[in-house]
Amino acid sequence: MSDFQEYNKNNLKSFTLFDNENGQSYDVPIIEGSEGPKVLDIRDLYKKTGMFTFDPGFTSTASCSSEITFIDGHKGILRHRGYDIKDLAYHSNFLEVCYLLLHGELPSQEDKSKFQNVITNHTMLNEQLVYFYRGFRRDAHPMAIMVGVVGALSAFYHDSTDFSDINQRMIACHRLIAKIATIGAMAYKYSIGQPFVYPQNHLSYSENFLHMTFSLPTNNYKVNPVIAKAMDRFFILHADHEQNASTSTVRLAGSSGANPFACIAAGIASLWGPAHGGANEAVIRMLEEIGDVSNIDKYIEKAKDKDDPFRLMGFGHRVYKNYDPRADVMKKTAHEILEELNIKDDPLLKTALQLEEIALKDKYFIDKKLYPNVDFYSGIILKAIGFPTSMFTVLFAIGRTVGWISQWKEMIEDPVNKIGRPRQLYNGKNSRSYEEVNRREKKSIFQWLWKK
Ligand code: SDX
């Protein structure tokens, strides 16, 4: 039994619910974690009360217990296995953070080299997968390719889908961390009609990714170390983020026993949405649409207008009601990259900085605690490095794959793990008799059909 379970067993507190309709009261156990909000253990609630809880969007629901990532949204704190994200971003590297997320501790020098070696030797793809790419149109969105190719991996790696075996579980984790960068780089090359570039074992993870993305058979591409460092930091900042939409998707898919490759493909599909990982692409399109700083006030008013669907992309967060600590690191890295590449007065950065300054002084954003999130500045870095906006969410997925697979592994190894099967509040028709088709009057539902 883990420390926190031991603690809760010996310090049982409860929360009393009183149903004043039938005069019944129900004691609900309170469980305390090592940090953060306590939880009401409602696992027996339906059995005791015949009622469900109702929480669309899971704004007040803890779906699992986890030891991987801690977020305090009010203080703007993000830690992985107890280490602050800024310490990891400025002092660690992505593969070391991968080891930390998977195994719970930072690696010794020996383990670090072994882990680097294992991942490096899994970066190649089965050559058959090259033909899989050829089935896509050249203008297919790279995220569509990622979903397809990652889902297809289980067709090639049968020897690591029996995840009840720890060795197969670890091989699947290593394969996904290693190959996701190769798959992403190949999706980019395919979309621009250039030949695929094989990984080079002497390069670091992020250097290898930049090499596979930007080198050509016709030139001797040299990775810029400042850009490689920025890329590595970008992956660290995206590595994991508690039970966000895509991670919850991976956990739910994995709870049915689906293989890890299919689960990560499901996570990629969920990340693609503009409210989630697709926001970094949407931020750049928004900044380009705003164009000149003189238009900022108009767009701020649009974002505040309830009747206008426009939202300030890269702003707001379900958990952070303070500045997203990742956005702070991203902002500093954007300045570093633009300086390294000698890009002066980048119009998008200028607009972003001005937009942030105006929004953070605006009562609407202050009252609703809307701050820049991880996506607000990331696109400026990626655009400066040379990625097209269609690749931005692919880069997010490359960083997040280690978080997804670490959370999947934690779930598989959790003794209380069971298939996720939420219930609902039913609001549909009550019982009614079947009508033969000749007795049914025309219903307005298909009115539009008859208009054609
Ligand atoms: C990521 O979960 C994670 O951890 C995700 C992530 C990760 O690492 O995995 O951090 C990555 O997805 C970051 C978020 C990227 N998305 C965007 O930047 C898109 C723009 N942001 C919004 O769509 C929104 O802020 C969400 C989706 C991020 C959060 O939405 P919530 O928590 O469901 O909040 P909400 O939509 O209920 O908004 C609360 C209020 C609403 O107004 P009221 O109905 O209360 O009057 O704030 C308003 C919203 O209209 N609001 C915004 C806004 N975000 C929220 N108004 C204008 N612009 C915005 N960006």
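Everything below is about the structure printed above this text.
Given the structure is predicted, the values throughout are model-derived calculations rather than measurements.

### A closer look at the side chain of Lys409
Move 1: Among the secondary structure elements, Lys409 is positioned in helix α19 (residues 392-412).
Move 2: Overall, the relative accessible area of 9% leaves Lys409 in the buried class.
Move 3: Excluding residues that lie within four positions of it along the chain, Lys409 makes contacts with Leu102, Met170 and Cys173.

### Looking at the site of the ligand
Move 1: For the ligand, the set of nearby residues contains 24 residues, the closest of which are His241, Leu312, His317, Arg318 and Arg326.
Move 2: Between the ligand and Lys306 there is a distance of 3.4 Å, counted from an oxygen atom to a side-chain nitrogen or oxygen.
Move 3: One of the backbone N or O atoms of Phe315 is found 2.9 Å from a nitrogen atom in the ligand.
Move 4: For the ligand, the accessible surface in isolation is 1,000 Å², of which the surrounding protein chains cover 77%.
Move 5: In terms of residue class, the shell around the ligand is made up of 10 nonpolar, seven polar and seven charged.

### A short note on the sheet that holds strand β6 (residues 83-84)
Move 1: A sheet is described by the order of its strands in space; here three strands give the open sequence β4-β5-β6, paired in antiparallel fashion. The sheet is open, and its two edges are formed by β4 (69-72) and β6, each paired on a single side.
Move 2: In the sheet, β4 pairs with strand β5 (residues 77-80) via four bridges, with the strands oriented antiparallel. Counterpart to Thr69 in the pairing with β5 is His80.

### Examining unusual backbone geometry
Move 1: For Arg81, which is not glycine, the phi torsion reads 50° and is therefore positive.
Move 2: For Arg81, the location among the structural elements is in the loop between β5 and β6.
Move 3: Non-glycine residue Lys369 carries a positive phi angle of around 55°.
Move 4: If you trace the backbone, Lys369 turns up in the loop between α17 (363-367) and α18 (375-385).

### Considering the pattern of salt bridges
Move 1: Inspection of every chain in the model, using the stated rule, returns 23 salt bridges.
Move 2: Among the ionic pairs, Asp44 bridges to Lys47, the shortest N-O distance being 4.0 Å.
Move 3: When its relative accessible area of 38% is taken as the criterion, Asp44 is described as partly exposed.
Move 4: Between Asp328 and Lys332 there is a salt bridge; the shortest N-O distance is 3.1 Å. Placement of both Asp328 and Lys332 in helix α15 (residues 325-340) is noted, with a separation of four residues, approximately one turn of the helix.
Move 5: The exposure class of Lys332 is partly exposed, given its relative accessible area of 41%.

### Re the pairing of β5
Move 1: Remark: four residues form the turn of the hairpin made by β4 and β5, two consecutive strands paired antiparallel; Gly76 in that turn has positive phi of roughly 65°.
Move 2: Two strands pair when backbone bridges link them, and β5 and β6 are joined in this way by two bridges, in the antiparallel orientation. When the sheet's bridge partners are listed, His80 is paired in β6 with Tyr83.
Move 3: Hairpin connection of β5 to β6: two residues between the antiparallel strands, including Arg81 at a positive phi of 50°.

### Details of the environment of Val394
Move 1: In this fold, Val394 is placed in helix α19.
Move 2: The exposure class of Val394 is buried, given its relative accessible area of 0%.
Move 3: A C-alpha to C-alpha distance of 19 Å links Val394 and Ala334, two positions 60 residues apart in sequence.

### What about the sheet that holds strand β1 (residues 13-19)?
Move 1: Spatially, three strands are ordered β1-β2-β3 in an open sheet, and the strand pairing comes out antiparallel. Looking along the sheet, the strands with just one partner apiece sit at the ends: β1 and β3 (39-40).
Move 2: Two strands pair when backbone bridges link them, and β1 and strand β2 (residues 24-31) are joined in this way by seven bridges, in the antiparallel orientation. Looking at the pairing, Asp19 lines up with Gln24 of β2.

Criteria and thresholds
Residues numbered from 1 in each chain as written. Predicted model: local features only at pLDDT ≥ 70, side-chain atom pairs only at ≥ 80, totals over all residues. Heavy atoms only, no water. Helix = DSSP H or I, 4+ residues; strand = E, 2+ residues; numbered from the N terminus. Buried < 20%, exposed > 50% of the residue type's maximum accessible area, 1.4 Å probe, protein only. Contact = heavy atoms within 4.5 Å. Near = heavy atom within 4 Å. Polar contact = N/O pair within 3.5 Å; in protein donor to acceptor, adjacent residues only side chain to side chain. Areas by Shrake-Rupley, 256 points an atom, 1.4 Å probe, with all protein chains shown as cover. Nonpolar A, V, L, I, M, F, W, Y, C, P; charged D, E, K, R; others polar. Pairing = 2+ DSSP bridges. Salt bridge = Lys/Arg side-chain N within 4 Å of Asp/Glu carboxyl O.

Keep in mind these values describe shape, not function.
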